[in-house]
Amino acid sequence: MSNQGSNERFWEKFHGPNMGYVEEQYELYEQDPSAVDASLKELFDEHGAPEWMKEDMSAQSTGVSSSSEVDIAKVTSALKLVEAIRRHGHLRANIYAVGSDERPSTNLLDIETYGLTEKDLENIPAKWVWSDSPLRLDNALQVVKTLKEKYAGTTSFEFGHVNNEEERKWLLDKVDTGSFHVSFSNEEKKQLLRRLAQVEGFENFLAKTFVAQKRFSIEGLDVMVPMLDHMIQSASNDKIKNIMMGMAHRGRLNVLAHTLGKPYDRIFSEFHLSPDKELIPSEGSTGINYGWTGDVKYHFGARREIGNGEQSATRVTLSHNPSHLEYVNPVVEGFTRAAQDDRSTAGYAEMDEDEAFGLLIHGDAAFIGEGVVAETLNMSDLPGYRTGGTIHIIANNLVGFTTNREKGRSTRYASDLAKGFEIPVVHVNADDPLACMSAMALAYEYRQTFHKDILIDLVGYRRFGHNEMDEPRATQPRLYSEIDEHPTVAAIYEEQLRKESVVEEGTLKDMKDEIENELRDVYNNMSEHETTTPDVQDRPSGVERTLDEIETAVDIDRLRSLNEGMLKRPEGFNGFKKLEKILQRRSKMLEDGQKVDWATAEALAFASILEEGQPIRITGQDTERGTFAHRHMVLHDVETGETYCPLHGLEQANASFDIHNSPLSEAGVLGFEYGYSVQAPETLVLWEAQFGDFANAGQVIFDQFVAAGRAKWGEKSNMVFLLPHGYEGQGPEHSSARLERFLQLAAENNWTVGNVTSSAQYFHLLRRQAAISNEEEARPLVLMTPKSLLRNQRVAVEGSSFSEGKFQPIMRQPGLTKEDDKAREKVKTLLLGSGKIMVDMEDTVEKAEDHSFETIDAVRIEQIYPFPRQRLKEILETYPNLEELVWIQEEPQNMGSWYFVEGILHKLLTGSQIHRYVGRPHRASPSVGEPNIHKTEQNRIIHEALQMSKGGKSNEGN
């Protein structure tokens with residue numbers, strides 16, 4: 001029985017320089033078998049000579065020299081050339097529709113660079129340099145020409161940076177064989193031409209009808225719409241339930257109209273012809289609800305159900321996006337992960353990567369210019385944030401507003417950032433529709449196969465300026481002289497189809513005329529109404545309601561049962577003994593006479609929420625343990641390193657509890673968690689800053705999404721932000737969570753801002769926040785959380801405070817509160833403040849000697865926004881002789897709450913009453929850097945507020 005076939009398959013494993021080495025060793029073996037290594041001798045004994053050394057006859061028939069006549073150095077050089085084509089073909093690829101001077105000068109693909117001639121390549125058998133070619137090629141010259149067509153045509157590739165061998169081999173096979181290319185029938189080609197005509201016609205109609213109005217036209221990247229069509233259809237065929245999309249302005253209106261199905265008349269109505277008239281969509285037009293203040297038309301998103309012939313459907317969601325461009329990226333990733341997670345059972349949520357996937361369309365300048373892009377890419381394979389692969393498209397129009405590439409990035413391509421995360425890159429010319437469709441097919445198949453990110457660099461141009469009121473020829477004259485002469489992609493594709501005899505001359509014109517008439521009919525059926533004095537819409541009733549009536553108490557026996565359950569450990573779990581000793585102290589905290597600290601209160605709140613069937617997700621830097629070593633929600637086995645979360649083993653839990661340490665990122669993680677909270681409104685989502693001021697780095701997310709998302713877009717979030725705050729001498733960067741910024745953004749009940757001083761208050765506030773999840777009353781919670789107070793016994797309270805009552809926006813100050821009317825008659829000064837300074841004051845009052853504070857009373861404002869003015873007014877009415885309100889704070893006067901509460905307090909004054917401020921003076925920096933100076937300042941504030949500076953009676957100096 002012949003083993004010739006098996007020998008051929010065996011020798012096919014050898015490629016490149018290995019072939020030359022094996023050939024050399026075989027010649028030695030023929031002369032003296034013992035002269036080669038024993039393993040090689042065994043190999044040659046079994047398989048004989050390499051198959052390529054037996055090809056003399058075949059070589060003669062094709063004009064190729066035998067192996068003995070070929071210089072091994074030439075073969076090696078040819079192999080280097082072939083590898084260069086695969087790695088660097090993009091440098092000479094025809095990927096630029098215009099601006100071909102963007103292509104760099106390179107000799108990496110020239111045969112002369114490798115010391116070769118065409119004759120040399122003709123003398124080398126094709127199999128030697130491309131052993132598994134899918135084509136019948138005779139020699140290396142044919143190989144080089146073939147690979148240049150595959151790697152340096154209108155599509156080119158970069159995946160040499162992908163270190164996973166399976167992925168790289170898969171990509172190599174797809175490109176080498178060309179199996180990723182889509183094959184369209186003549187009818188499908190006509191449909192593609194019509195789609196391009198629709199895209200172009202829509203933009204032309206807007207340009208003529210709404211002259212000089214901003215629309216950020218897609219023209220120059222028209223093919224993006226049919227690419228999205230192809231991707232959505234593929235996902236629908238695979239029964240993927242959700243496609244989450246994010247994109248900036250370029251082409252957004254066209255995508256809304258054609259990909260998301262937003263009615264034309266709805267888009268037209270958002271263009272206003274004159275300030276005193278508005279366009280009203282035709283009767284029966286699909287309504288789309290946004291927030292009460294609205295936004296510009298090219299910031300809105302939309303949703304659409306795509307049926308696949310069965311009961312299930314694919315929902316396509318385009319996220320709303322402000323002008324901060326790339327900041328939508330993590331938001332979309334949060335949408336995607338929320339859609340993938342099953343949160344119905346205890347433990348971590350179960351993730352199904354095929355339930356949803358994300359697609360992000362980036363601007364070329366923004367992709368590499370905005371740091372949030374790198375933050376988002378870094379999350380792509382982290383356990384708490386991965387979404388099983390995102391398809392990225394760079395809508396590359398070669399210019400960033402008016403800035404050219406060489407002034408906007410330090411890299412060759414806008415896509416180069418992705419290479420650091422081992423993301424494959426496909427560059428494709430936007431003027432070649434079929435190549436673009438094939439690129440999308442490859443990207444989708446890669447995502448589905450490996451569940452990893454992939455990027456398409458769609459290289460086109462921008463037919464007009466950054467917006468339609470901009471003149472680009474002033475800053476890019478050469479580029480726009482070329483664009484002015486350049487035909488549209490629809491015209492180019494029609495010409496191609498005419499040459500293929502698929503369509504006749506004039507087909508495109510007929511299509512565009514038909515589309516123009518359709519759009520004109522839609523427009524003509526709209527009515528133009530005189531407008532009254534414009535005003536914002538009314539807010540939803542749920543937004544208007546307060547949350548004061550929500551009951552959050554939990555029966556004490558239930559709390560004890562939950563607490564006991566959280567102290568259990570799996571059999572054989574070897575916890576850190578010192579830590580376990582600390583945690584076991586929690587077992588007695590709910591006994592009579594004992595007090596519950598902050599960490600235990602949080603754990604009890606979480607446990608009770610999970611018992612009620614509501615999922616929780618909490619993330620942040622060091623959140624599993626807690627920055628201040630207080631939470632310890634993920635325990636580590638000291639022997640095996642395995643982890644255990646007490647809330648995962650809780651028998652009473654009826655929903656998932658996700659807790660993850662986040663990467664060292666703020667904007668990216670904040671955006672992700674915000675997106676998660678919007679997509680999974682029944683989930684209590686929390687983000688904890690390592691220190692409160694770290695929120696600075698996520699300010700765009702707070703400003704554009706969290707604070708204003710519902711008012712602008714109707715986007716509800718119930719997210720909680722835990723921001724450690726308090727002046728303890730740790731310097732400017734670890735004192736202030738910038739409370740003043742959140743108060744400045746506070747309006748229309750857009751969120752709750754709190755600064756609480758007891759563990760029970762925190763417990764009730766978390767449970768209240770959980771109670772409004774997925775309700776009309778839903779709103780975010782910004783909470784200034786403690787640092788040193790986490791272990792302060794003045795913050796710990798008895799168990800009855802958890803089983804009775806609810807959150808109190810205002811609390812009486814311990815040690816100063818006057819309980820009866822007679823005592824209140826003596827009060828002339830009422831101190832108001834929030835947070836740690838009030839606890840410090842409590843401590844000072846308790847330790848004070850020879851001081852009577854009979855003319856001073858104090859209250860703590862635990863909820864600063866919405867400010868509890870009615871409750872404070874009722875308190876003020878109990879002091880008949882009150883002369884002044886004094887706001888005390890530890891932050892500088894231009895920070896903290898003072899400028900927010902000053903006007904509110906002023907309106908509460910009656911008669912000759914005054915209000916004044918006690919605290920640090922105006923400062924540029926949030927705090928001093930020297931601990932001793934901090935202590936001096938803190939003592940001065942408290943003593944001044946208590947009027948103790950002169951000693952003696954507290955009313956001295958009045």
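Residues numbered from 1 in each chain as written. Predicted model: local features only at pLDDT ≥ 70, side-chain atom pairs only at ≥ 80, totals over all residues. Heavy atoms only, no water.

S.K.: Mind showing me how you'd approach the side chain of Asn254 here?
M.R.: Looking at where Asn254 falls in the secondary structure, it is placed in helix 12 (residues 252–258). Residue Asn254 is classed as buried on the basis of its relative accessible area, which comes to 0%. One polar contact links Asn254 to Glu203, side chain to side chain, over a distance of 3.1 Å. Engagement of the side chain of Asn254 in a polar contact is seen with the side chain of His258, the distance being 2.6 Å. (Helix = DSSP H or I, 4+ residues; strand = E, 2+ residues; numbered from the N terminus. Buried < 20%, exposed > 50% of the residue type's maximum accessible area, 1.4 Å probe, protein only. Polar contact = N/O pair within 3.5 Å; in protein donor to acceptor, adjacent residues only side chain to side chain.)

S.K.: I keep staring at helix 27 (residues 667–679) and nothing clicks. Help me out?
M.R.: Think of an α-helix as turning once every 3.6 residues; residues three or four places apart then point the same way. Taking 1.5 Å per residue, 13 residues should reach 18 Å; helix 27 reaches 18 Å between its end C-alpha atoms and fits that length. Taking burial as the measure, the 13 residues of helix 27 include 13 buried ones, the bulk of the element. (Expected span 1.5 Å × (residues − 1).)

S.K.: Explain the confidence of the model for the protein chain here, please?
M.R.: Any segment with low pLDDT has predicted coordinates that should not be analysed in fine detail. This prediction gives the protein chain a mean pLDDT of 89; 91% of its residues lie at or above 70. pLDDT under 50 marks residues 56–61. Its contacts with residues more than four places away, or in other chains, come to five contacts. Note on residues 950–958: pLDDT under 50 across the span, and 18 contacts to partners over four residues away in sequence or across chains. (pLDDT = per-residue confidence, 0-100. Contact = heavy atoms within 4.5 Å.)

S.K.: I'm lost on the sheet that holds strand 25 (residues 810–812) in this one. Help?
M.R.: Whenever strands of a sheet pair, they do so through backbone hydrogen bonds, lying parallel or antiparallel. Spatial strand order, 25-27-26-29-30: five strands in an open sheet with mixed pairing. Each having just a single partner strand, strand 25 and strand 30 (914–920) make up the two edges of the open sheet. Pairwise comparison of adjacent strand axes, ignoring direction, gives a mean angle of 25° for this sheet. Where strand 29 (residues 884–892) lies against strand 30, six bridges are found, and the strand directions are parallel. Along strand 30, the bridge assignment pairs Leu885 with His915. Of the strands in this sheet, strand 26 (829–833), strand 27 (856–861), strand 29 and strand 30 are in contact with helix 37 (residues 931–945), which crosses strand 30 at around 160°. (Pairing = 2+ DSSP bridges. Axes fitted to C-alpha atoms, helices over the stretch in contact; angles between N-to-C directions.)

S.K.: What is the right way to read the nonpolar core from this model?
M.R.: As a rule of thumb, nonpolar side chains are buried together in soluble globular proteins. With 120 residues, the main nonpolar core has Met231, Phe268 and Leu458 as its most contacted residues. Formed by 119 residues, the second largest nonpolar core is a distinct cluster that contains Ala605, Leu670, Phe867 and Val901. (Core = buried A, V, L, I, M, F, W, Y, C linked by side-chain atoms within 4.5 Å.)

S.K.: How should unusual backbone geometry be read in this particular structure?
M.R.: One can expect most non-glycine residues to show negative phi and most peptide bonds to be in trans. Cis geometry is found at the peptide bond from Tyr865 to Pro866, where omega equals -10°. Within the secondary structure, Pro866 is located in the loop between strand 28 (863–865) and helix 35 (869–876). The phi angle at Leu398 is positive, at roughly 75°, despite the residue not being glycine. Mapped onto the elements of the fold, Leu398 is located in the loop between strand 9 (390–396) and strand 10 (399–400). Overall, the relative accessible area of 9% leaves Leu398 in the buried class. Positive phi values are uncommon outside glycine, yet Asn774 reaches one of about 65°.

S.K.: Please clarify how the pairing of strand 16 (residues 616–620) should be interpreted in this entry.
M.R.: The side chains of a regular strand alternate between the sheet's two faces. Here strand 16 lies mainly inside the structure; five of its five residues are buried. Residues of strand 16 alternate between two faces, with Ile616, Ile618 and Gly620 on one and Arg617 and Thr619 on the opposite face, all of them buried. Inspection of the sheet shows strand 16 paired to strand 19 (residues 657–661) by five bridges, in the parallel sense. Each residue of the ladder has a partner; that of Ile618, found in strand 19, is Ile659. Relative to strand 20 (residues 684–688), strand 16 runs parallel, the two sharing five bridges. If you follow Ile616 over to strand 20, its bridge partner there is Leu684.

S.K.: How do you make sense of the environment of Glu775 when you look at a structure like this?
M.R.: Along the polypeptide, Glu775 turns up in the loop between helix 31 (759–771) and strand 23 (781–785). Along the sequence, Glu775 and Glu83 sit 692 residues apart, while their C-alpha atoms lie 59 Å from each other.

S.K.: What should I look at first to understand the side chain of Glu602 in this one?
M.R.: For Glu602, the location among the structural elements is in helix 26 (residues 598–611). Not counting the four nearest positions on each side in its chain, Glu602 is found in contact with Arg631, Leu722, Tyr762 and Leu766.

S.K.: It is not clear to me how the pairing of strand 8 (residues 356–363) should be interpreted in this structure. Could you clarify?
M.R.: In terms of residue burial, strand 8 counts as a mostly covered element, since seven of its eight residues are buried. Bridge analysis of strand 2 (residues 242–247) against strand 8 gives six bridges, and the strand direction is parallel. Along strand 8, the bridge assignment pairs Met247 with Ile361. Bridging between strand 8 and strand 9 involves six bridges; their strand directions are parallel. Looking across to strand 9, one finds that His362 is bridged to Ile394.

S.K.: Got a minute to help me understand the sheet that holds strand 13 (residues 454–459) in this structure?
M.R.: Read across the open sheet, the eight strands follow the order 1-12-13-9-8-2-5-4; overall the sheet is mixed. Here the strands that pair on one side only, and so sit at the sheet edges, are strand 1 (155–158) and strand 4 (302–307). Strand-to-strand, the axes of this sheet are offset by a mean angle of 20°, without reference to chain direction. Direction of pairing for strand 9 relative to strand 13: parallel, over a ladder of six bridges. Paired with Asn396 across the two strands is Val459, which belongs to strand 13.

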